[in-house]
Each structure stands twice: as C-alpha cells, then as structure tokens.
Amino acid sequence: MKCPNCGAEAKGKFCEYCGSEMPKEKTTINITNNYYVGTEKPQNGKSQSTANSQVKGSKKHTWLWVLGWICIFPVPLTILMLRKKNMKPAVKYGIIAAAWLLFFVIGMSGNSKTDVPSQTESVGITETTDALPTDNTITKQPTDSTFTNDTTTEDVVLSYAEDQVVNRFISEFNAQSAFEITDISKGNIRTKYFGSANGRYLEMINANDAGAEAFCLTINGGQEDSEKQSMYEVFREAVKVLDSSITDDMIDAAISEFNNKDVLIEGYVLSDCITITFVPIKELSYGKTSCRIDINASNYK
C-alpha cells in the first residue's frame, strides 16, 4: 500500500520511510445469491405431470359436455340447474321438466317421420307391380304341372320356348285341347322346336320372317292306321288353335278326303289362312313310309 505522505510502498500501520500513519485496508465482502425465479424447482417431474393431468381432465370434461348438449341436452341442463343455488326451486325444476318433455317430443316426432317413407315405398312397389305388362312370362318345365307364384293362373303365360309365336301356340294348345304338348326341345334353328302330343311327334317352326311367311306345324302319323287316327286327333285340336273360325264339319271334310284318296295332297285349303299338305302311308319294296300332315297358318304371328 502506498504511503499517503511520501508515496512509498509500505506495510503495517506506520510508513517505514516517513513514519506517517498508514490508512486502514477496506474489507471486500462477496455475497452470492442463489435463487430461482418463478415456481419451485420441480422434483422428479411431479409438478409437470400434475399439470398435464389437469389439462387432460379438463379436455375430457369439455368433450363430455359437448356430447351431452348434442345428444341428450336435458342432462347438462339439469346439472347446471341443480348447481344454481340462488334460483327458486319451482323455477329450477320447471325448466328441467320442460327440457325433458321437449326432448321426448322431438324423439317421438322423429320416429313418426321415419315411418312415412316406408309406407310410401310400399305404395310405390304396389303401383309398379300393377303396372307391369300382362305378357310377362314365367319359365316352367312343360312336364311340371305346378309352380309357385302369387299371381293368379289366368294372368300367367307359361314359357315353353324362347320364340314368342311357338311359345304362344304351345300355351294355347295345352290350354284348349284334350292333349298336352310335352318333351319340348329346340331345333337346329332359332325358331324351330320339337315336341310330342297324343303319341305323335311334332315339328313347330315360326317362319313368318322366312320364305314360308307362316307358322308351320308338322304332325307325324307313323306307319299304322291306329297311329294315323291319333294324328287326326292332334290335327283337329291344332287347327282350332290356329284359326278359331274353323268348324268340326270343315275338319271332318278334310279328314274324309285324306282317307278316301289316300294319295299325296298338296295345297289343301282348309280356311282363308290355313293350307295343308297330306302325306299318306305307302307300301314300298323296303317297307312302309310314315304318314304326316303339314299345316301352314299365315295368320298366326
């Protein structure tokens, strides 16, 4: 320390050179402040986890309140009303009762509105069913006499063939005659079908759009007289289906001419729209030929 009198460096209470009293040394005190600003230092993360739990619980309660107001609004309203201490009980419980009553009224009206479209749909389906065309067909095997359908028998047209004209002939023949056409199968062309009736083999062709321009029916009679008679029986039923104006007398006259002449007869006119070809049984050196009747109906389309 320097002496204030002579300026020399000296130690002790008095200067060694001039003897002047030396000033006293100032004591320096260092104070260290060690403190945290804000919250206390978290211990093992307990404070932070507690805060997170409170936030999550708050969010959960918020969602419950939102769902309550959206789905069942009387529930949160009831809770709020019960928490109000400064409200008269009569007013409080009146609001609660009105809220629940309104909730049930809305629920009942929603159910009644839901029933209306179903009734309308039922009416629409009924009207659509009644409006269906009457020529709809139901597929049925010819040998099967039973089928399941809610429609009455009079409104049903059975489907025996894909061709409409052939199908109509088979349906009308089975409905009007004493015999039924069975064993129906499709031929080598789209409009040709085969079948059998009264023991006779039938060929049916819708040639209205072809060269014949007619519905063609062939009845094969066999080689014996008994078989020829069964052919005539089918012939009698078939021509009545093809032309309702043909009488029994006209049919008897045609059969009589076929038997009396017993020769090939072509272009026999039975009515204005029906022509017939008759092929008799013939004795040949190698045996007999089969008789048959070919019918062309130009009006059956």
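**Overview of the overall build of the protein**
Then, number 1: Across its full length, the protein holds 6 helices and 11 strands.
Then, number 2: The buried share of the protein, reckoned over its 301 residues, is 31%.
Then, number 3: Considering only intrachain contacts with a sequence separation of at least 6, the fraction spanning at least 24 residues in the protein is 37%.

**A few points about the sheet that holds strand E6 (residues 215–222)**
Then, number 1: Across the sheet, 7 strands lie side by side as E3-E4-E5-E6-E11-E8-E7; this open sheet has antiparallel pairing. One side of each edge strand has no neighbouring strand; the edge strands of this open sheet are strand E3 (182–186) and strand E7 (265–271). On average, each strand axis in the sheet is tilted by 20° relative to the strand beside it, whichever way the strands run.
Then, number 2: Each of E7, strand E8 (274–279) and strand E11 (291–297) touches helix H6 (residues 248–261); the most contacted strand, E7, lies at about 165° to it.

**A few points about the pattern of salt bridges**
Then, number 1: Within the structure shown, the criterion is met by 8 salt bridges.
Then, number 2: Its salt-bridge partner being Glu172, residue Arg168 comes within 3.8 Å of it at the nearest N-O pair. Of this pair, Arg168 and Glu172 both sit in helix H4 (residues 164–176), 4 residues apart, which is roughly one turn of that helix.
Then, number 3: Between Lys288 and Glu283 there is a salt bridge; the shortest N-O distance is 3.7 Å.
Then, number 4: Classification of Lys288 as partly exposed rests on a relative accessible area of 32%.
Then, number 5: One network of salt bridges, in which partners are shared, links Arg236, Lys240, Asp248 and Asp252.

**Some points on the packing of aromatic side chains**
Then, number 1: As enumerated under the stated definition, the model contains 11 aromatic pairs in all.
Then, number 2: Pairing Trp100 with Phe103 gives two aromatic rings, centres 6.1 Å apart and planes at 85°, and the pair type is edge-to-face. You can see Trp100 and its partner Phe103 sitting in helix H3 (residues 89–130), 3 residues apart, about one turn around the helix.
Then, number 3: Judged by relative accessible area, which is 24%, Phe103 ranks as partly exposed.
Then, number 4: Between Phe258 and Phe278, the aromatic rings sit 4.7 Å apart at their centres with planes inclined by 0°, giving stacked as the arrangement. Linking Phe258 in helix H6 with Phe278 in strand E8, this pair joins segments that are 20 residues apart in sequence.
Then, number 5: On the accessibility criterion, Phe278 (0% relative accessible area) is buried.
Then, number 6: Site record: aromatic cluster; members linked through ring pairs are Phe169, Phe173, Phe215 and Tyr300.
Then, number 7: Directly above the ring of Tyr300 sits Arg168, whose terminal nitrogen or CZ lies 4.1 Å from the centroid.

**Let's talk about the side chain of Thr191**
Then, number 1: Inspection of the secondary structure assignment puts Thr191 in the loop between E3 and strand E4 (192–197).
Then, number 2: In this structure Thr191 touches Asp163, Val166, Met204, Ile205 and Asn206, once residues within four positions along its chain are discounted.

**Side note on the pairing of E4**
Then, number 1: Judged by how many residues are buried, E4 sits mostly within the fold: 6 of 6 residues are covered.
Then, number 2: Of the two faces of E4, the one carrying Lys192, Phe194 and Ser196 and the one carrying Tyr193, Gly195 and Ala197 are both buried.
Then, number 3: Sheet topology note: the E3/E4 ladder contains 3 bridges and is antiparallel. Looking at the pairing, Lys186 lines up with Tyr193 of E4.
Then, number 4: Note that E4 and strand E5 (residues 200–206) share 6 bridges and pair antiparallel. When the sheet's bridge partners are listed, Ser196 is paired in E5 with Tyr201.
Then, number 5: Linking E4 back to E5 in an antiparallel pair, the connection comprises 2 residues, with Asn198 at a positive phi of about 55°.

**Some remarks on H4**
Then, number 1: Taking 1.5 Å of rise per residue, the 13 residues of H4 would be expected to cover 18 Å, and the 18 Å separating its terminal C-alpha atoms lies within 8% of that figure.
Then, number 2: All buried positions along H4 are accounted for by Val165, Val166, Asn167, Phe169, Ile170, Ser171, Phe173 and Asn174.
Then, number 3: For H4, the N-terminal capping position is held by Asp163, with its side-chain oxygen 3.2 Å away from the main-chain nitrogen of Val165.

**Remarks on the environment of Tyr232**
Then, number 1: Mapped onto the elements of the fold, Tyr232 is located in helix H5 (residues 225–242).
Then, number 2: Overall, Tyr232 belongs to the buried group, its relative accessible area being 3%.
Then, number 3: Remark: the alpha-carbon pair of Tyr232 and Ala254, spanning 22 residues in sequence, is separated by 10.0 Å.
Then, number 4: Ignoring sequence-local partners within four residues, the contact set of Tyr232 consists of Ile255, Phe258, Asn259, Phe278 and Ile293.

**Some points on the confidence of the model for the protein**
Then, number 1: Chain-level statistics for the protein give a pLDDT mean of 77 and a share of 71% at 70 or above.
Then, number 2: Low confidence marks residues 35–41, where pLDDT is under 50. Its contacts with residues over four positions away, or in another chain, come to 1 contact.

**Here's the deal with H6**
Then, number 1: The end-to-end C-alpha distance of H6 is 20 Å, a good match for the 20 Å that 14 residues give at a rise of 1.5 Å each.
Then, number 2: Among the residues making up H6, those that are buried are Ile251, Ala254, Ile255 and Phe258. All buried residues of H6 lie within an arc of 95° about the axis, which places them on one face of the element. Those residues of H6 that are exposed and aimed more than 90 degrees away from the buried face are Asp249 and Asn260.
Then, number 3: Packing partners of the buried residues in H6 comprise H5, E7, E8 and E11.
Then, number 4: Positive backbone phi, at 50°, marks Asp262, one or two positions downstream of H6.

Reading the values: the criteria
Residues numbered from 1 in each chain as written. Predicted model: local features only at pLDDT ≥ 70, side-chain atom pairs only at ≥ 80, totals over all residues. Heavy atoms only, no water. Helix = DSSP H or I, 4+ residues; strand = E, 2+ residues; numbered from the N terminus. Buried < 20%, exposed > 50% of the residue type's maximum accessible area, 1.4 Å probe, protein only. Contact = heavy atoms within 4.5 Å. Pairing = 2+ DSSP bridges. Axes fitted to C-alpha atoms, helices over the stretch in contact; angles between N-to-C directions. Salt bridge = Lys/Arg side-chain N within 4 Å of Asp/Glu carboxyl O. Phe/Tyr/Trp six-rings, centres within 6.5 Å; stacked < 30°, edge-to-face > 60°. Lys NZ or Arg CZ within 6 Å of the ring centre and 35° of its normal. Expected span 1.5 Å × (residues − 1). Polar contact = N/O pair within 3.5 Å; in protein donor to acceptor, adjacent residues only side chain to side chain. pLDDT = per-residue confidence, 0-100. Arc of directions from axis to C-beta.

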